[in-house]
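What follows is the residue order along each chain.
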Amino acid sequence: MKTFSYLLLLFFMMSFAFLSCNQPDNMKEADAALMDTVITEVRDTVITFYPETYEEVLQVVTSYDTVITPRKPDTE
């Protein structure tokens, strides 16, 4: 009888652990904050002139900027 009670207790503990792991989170996916991501690309042209050699060097510099902002809810 003692072994049966231990097995029953073990069964209840395992079922409680299983059910607690499978509970849905409080926050639903639809309730999560929506974010807008904007990636901007900026290209600059840099021309360097060396008067000693009369040489010009043309260089294109590209930089990226990422802005992540929360999306405002629609008011329609």
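Everything below is about the structure printed above this text.
Calculation criteria
- Along each chain, the written sequence defines residue order, and numbers are assigned to residues from 1.
- Totals for whole chains, interfaces and linings use every residue, but because this is a predicted model, local features are given only for residues with pLDDT of at least 70 and side-chain atom pairs only at 80 or more, for both listing and counting.
- Side-chain calculation: all heavy atoms of the structure are included, whereas hydrogens and water are not.
- Helix and strand definitions follow DSSP, with helices as H or I runs of at least four residues and strands as E runs of at least two, each counted in order from the N terminus.
- We call two residues in contact when some of their heavy atoms are within 4.5 Å.
- Only the protein chains shown count as cover for residues, and all accessible areas are computed by the Shrake-Rupley method using a 1.4 Å probe.
- When accessible area is computed with a 1.4 Å probe and restricted to protein chains, residues below 20% of their type maximum are described as buried, those above 50% as exposed, and intermediate ones as partly exposed.
- A pair is scored as a salt bridge if a Lys or Arg side-chain nitrogen falls within 4 Å of a carboxyl oxygen belonging to Asp or Glu.
- When DSSP finds two or more bridges between a pair of strands, those strands are recorded as paired.
- Within the patch definition used here, like charges are joined within 9 Å and nonpolar side chains (Val, Leu, Ile, Met, Phe, Trp, Tyr) within 5 Å, considering only residues with over 30% relative accessible area and no salt bridge.

A count of helical and extended segments in the protein gives one helix and two strands. Taking contacts inside the protein between residues at least 6 apart in sequence as the whole, the part at least 24 apart equals 43%. Here the protein has roughly 7,800 Å² of accessible surface; of this, 61% comes from carbon and sulfur atoms.

Bringing unusual backbone geometry into the picture now. Phi at Tyr54 takes a positive value of approximately 55°, unusual for a residue other than glycine. With respect to the element layout, Tyr54 can be found in the loop between β1 (35-50) and β2 (55-70). Note on Tyr54: relative accessible area 70%, which makes it exposed.

Further remarks concern the pattern of salt bridges. Evaluation of the coordinates by the stated rule reveals one salt bridge. The salt bridge involving Glu41 is made with Arg43; its shortest N-O contact spans 3.2 Å. The exposure class assigned to Glu41 is partly exposed, which follows from its relative accessible area of 40%.

On to the pairing of β2, then. Strand direction decides the pairing type here: β1 and β2, joined by 16 bridges, are antiparallel. Bridge pairing in β2 places Phe49 opposite Glu56.

Glancing now at a nonpolar patch on the surface. On the surface, Leu7, Leu10 and Met14 cluster together into a nonpolar patch covering about 320 Å² of accessible area. For Leu7, the location among the structural elements is in helix α1 (residues 2-21).

As for its placement among the helices and strands, Val61 is situated in strand β2. Once the C-alpha coordinates of Val61 and Val46 are considered, the two residues, 15 residues apart in sequence, prove to be 7.3 Å apart. When residues no more than four places from it in sequence are discounted, the contact partners of Val61 are Val42, Arg43, Asp44 and Val46.

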